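Observations on chain architecture
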Amino acid sequence: MSLSALHDHTHSAWDTDRARRFADLGIVELSRYNEPEARRYRVADLVPADATTSLYADGGSGKSLLAVHLASHVALGQPWLGLEVGQSPVLYVDAELDVAEFGRRAYRVARGIGLERPPAGLHYLRVEGSLIDDAQIDRVEQALAITGAGLMVIDSLMAATAGADLERSHDTVSLFTLLRRWGTVLAIDHVPKLQAGGNFGQSTQFGSVFKRNLSRSALQLIQADAGGLWLRQTKHNFGPKAAPVGIGMEFGAGVVSIERMAIGDDRLSGITDHLPALERVARELGQHPAGITPDELATGLELSAKTVRNYLTTLRQQKRARSDSGRWLLCEDNSQIPNPLGVRNLGIENPKEIPDQAFCSVCGKLLPLPEDRERGYHTRCASAAGPPVDDGEFWIDS
């Protein structure tokens, strides 16, 4: 064997041995690693797939109802507040209520969407104990497996983890390590009591700073004095923070209607006191659809003209504001965040108007059904669901 051939043989053998050792240790040589596909989201930009998102707010702000509304849209595969979703079954893990009270909420929210009942693919699990207990961990993981849930909602994080001290970094890191095992998680959380002279815009999750540090997306919900809600992303590890969303939540007889609204809407009156300066400027722009000058903004907000111009520049870079003949306007088209999902849009404006389609009770995907059936199973899902309990209620697609 020539020296050159011996060198090639030795080098090849060394590479093979090194690759084996790399694999044993979990080391990845990135030059040999194919570029991953774009990150996927359950809700565009707000709820990244295979990561933990925190939704936090003061008690009574409507965060649980909003989470039920979001979960229902993910189960349906319909845009949520104008944002594209990645459709999947949802497991709602509840530590604060029971199935009867959750059912009342789910039916009211469903009617607000235009449904007669909660959508197929929305599953409920009551926490019996604490999520840090081995028995509950096993129960949750079995529930995730049998439902095929691609999104788990925990309501709420503090109530579901009795026995853990989430003001301590050790317990908090251990909990979030567990959540990472469970894929896409939306964890509802509380905030500390507001101190005198403070505002909710400065609030974060109650407890250890690692709650925020280990959340890959953090969403804060603030209720305005006039009843409107302001949803803002305070952290996003995978891209720029999304534009804030104004939300209207109206209560009627047996129905809760939740809709997106312009951030200049009067129902958001009083929200300015709880916003950082950049969002105060955006909110003020939203209240002047015909435009407003930087000097007028500065006077109304009691900020310097230079400071206002800097914020306007930032909003323009974010494509949230534009200038026209010296007057600044809010770009309302930012309400439609570009879809990074590549998922199918069902194009259903009112699901009640579809007499010949329904959703599989196991996988949550659409399947054709006779008009006298409301739900059913794919044949491939029947073994997971068990046999139909009532031939008049269930129908197995062949």
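Summarised in this report is the structure supplied together with it.

Cut-offs used in this document
Residues numbered from 1 in each chain as written. Predicted model: local features only at pLDDT ≥ 70, side-chain atom pairs only at ≥ 80, totals over all residues. Heavy atoms only, no water. Helix = DSSP H or I, 4+ residues; strand = E, 2+ residues; numbered from the N terminus. Contact = heavy atoms within 4.5 Å. Polar contact = N/O pair within 3.5 Å; in protein donor to acceptor, adjacent residues only side chain to side chain. Expected span 1.5 Å × (residues − 1). Buried < 20%, exposed > 50% of the residue type's maximum accessible area, 1.4 Å probe, protein only. Arc of directions from axis to C-beta. Core = buried A, V, L, I, M, F, W, Y, C linked by side-chain atoms within 4.5 Å. Phe/Tyr/Trp six-rings, centres within 6.5 Å; stacked < 30°, edge-to-face > 60°. Lys NZ or Arg CZ within 6 Å of the ring centre and 35° of its normal. Axes fitted to C-alpha atoms, helices over the stretch in contact; angles between N-to-C directions. Parallel < 35°, antiparallel > 145°, perpendicular 65-115°, else oblique. Nonpolar A, V, L, I, M, F, W, Y, C, P; charged D, E, K, R; others polar.

What follows deals with the environment of Thr-234. Note on placement: Thr-234 falls in strand E9 (residues 229-236). Not counting the four nearest positions on each side in its chain, Thr-234 is found in contact with Tyr-56, Arg-212, Ala-218, Gln-220 and Lys-241. Separated by 3.0 Å, the side chains of Thr-234 and Tyr-56 make a polar contact.

Turning to helix H4 (residues 134-147), a few remarks are in order. For H4, which comprises 14 residues, the first-to-last C-alpha distance of 20 Å matches the rise-based estimate of 20 Å (1.5 Å per residue) to within 8%. Those residues of H4 not exposed but buried are Gln-136, Ile-137, Val-140, Ala-143, Leu-144 and Thr-147. Taken end-on, H4 shows its buried residues confined to a sector of 130 degrees, consistent with a single buried face. The exposed residues of H4 that point more than 90 degrees off its buried face are Asp-134, Ala-135, Ala-145 and Ile-146. Taken together, the buried residues of H4 touch strand E4 (90-94), strand E5 (122-126), strand E6 (151-155) and helix H6 (169-181). Directly beyond the C-terminal end of H4, a positive phi value near 70 degrees is found at Gly-148.

Here we take up unusual backbone geometry. If a residue is not glycine, its phi is most likely negative; likewise, a peptide bond is most likely trans. Ser-156 follows Asp-155 through a cis peptide bond whose omega is -5 degrees. Structurally, the position occupied by Ser-156 is in the loop between E6 and helix H5 (157-160). Positive phi values are uncommon outside glycine, yet Asp-45 reaches one of about 70 degrees. Looking at where Asp-45 falls in the secondary structure, it is placed in the loop between strand E1 (41-43) and strand E2 (47-48).

Bringing the environment of Arg-309 into the picture now. Inspection of the secondary structure assignment puts Arg-309 in helix H10 (residues 305-317). Residue Arg-309 is classed as partly exposed on the basis of its relative accessible area, which comes to 41%. Each C-alpha atom, one on Arg-309 and one on Thr-293, is 9.7 Å from the other, the two residues being 16 residues apart in sequence. The residues contacting Arg-309, other than those within four sequence positions of it, are Pro-294 and Asp-295.

What follows deals with the nonpolar core. Here is a general trend for soluble globular proteins: nonpolar side chains tend to be buried in one another's company. Judged by nonpolar contacts, the single largest core of 41 residues is most densely connected at Val-43, Leu-46, Trp-80, Val-153, Leu-231 and Ile-247. In terms of residue count, the dominant contributor to this core is helix H2 (residues 63-76) (nine residues). Apart from residues lying up to four places away in sequence, Val-43 is in contact with Leu-70, Val-74, Trp-80, Leu-83, Glu-84 and Val-85.

What follows covers the packing of aromatic side chains. Summed over the entire model, instances satisfying the criterion amount to two aromatic pairs. Their ring planes at 35 degrees and their centres at 4.8 Å tell us that Phe-102 and Tyr-124 sit as a pair that is tilted. Of this pair, Phe-102 sits in helix H3 (residues 99-113) while Tyr-124 sits in strand E5; the two residues are 22 residues apart in sequence, bridging distant segments of the chain. The buried category is assigned to Phe-102, whose relative accessible area is 6%. By way of ring pairs, the aromatic residues Tyr-92, Phe-102 and Tyr-124 are connected into one cluster. The ring of Phe-238 has Arg-39 lying over it, and the distance from NZ or CZ to the ring centre is 3.8 Å.

Taken N-terminus to C-terminus, the directions of helix H8 (residues 277-286) and H10 make an angle of 80 degrees; their axes are 10 Å apart at the nearest point. The angle between H8 and H10 places the two elements in the roughly perpendicular class. Between H8 and H10, the contacting residues are Ala-277, Leu-278, Val-281, Ala-282 and Leu-285 on the first element and Tyr-311, Leu-312, Thr-314 and Leu-315 on the second. Partitioning the contact of H8 with H10 into residue classes produces eight nonpolar, one polar and no charged.

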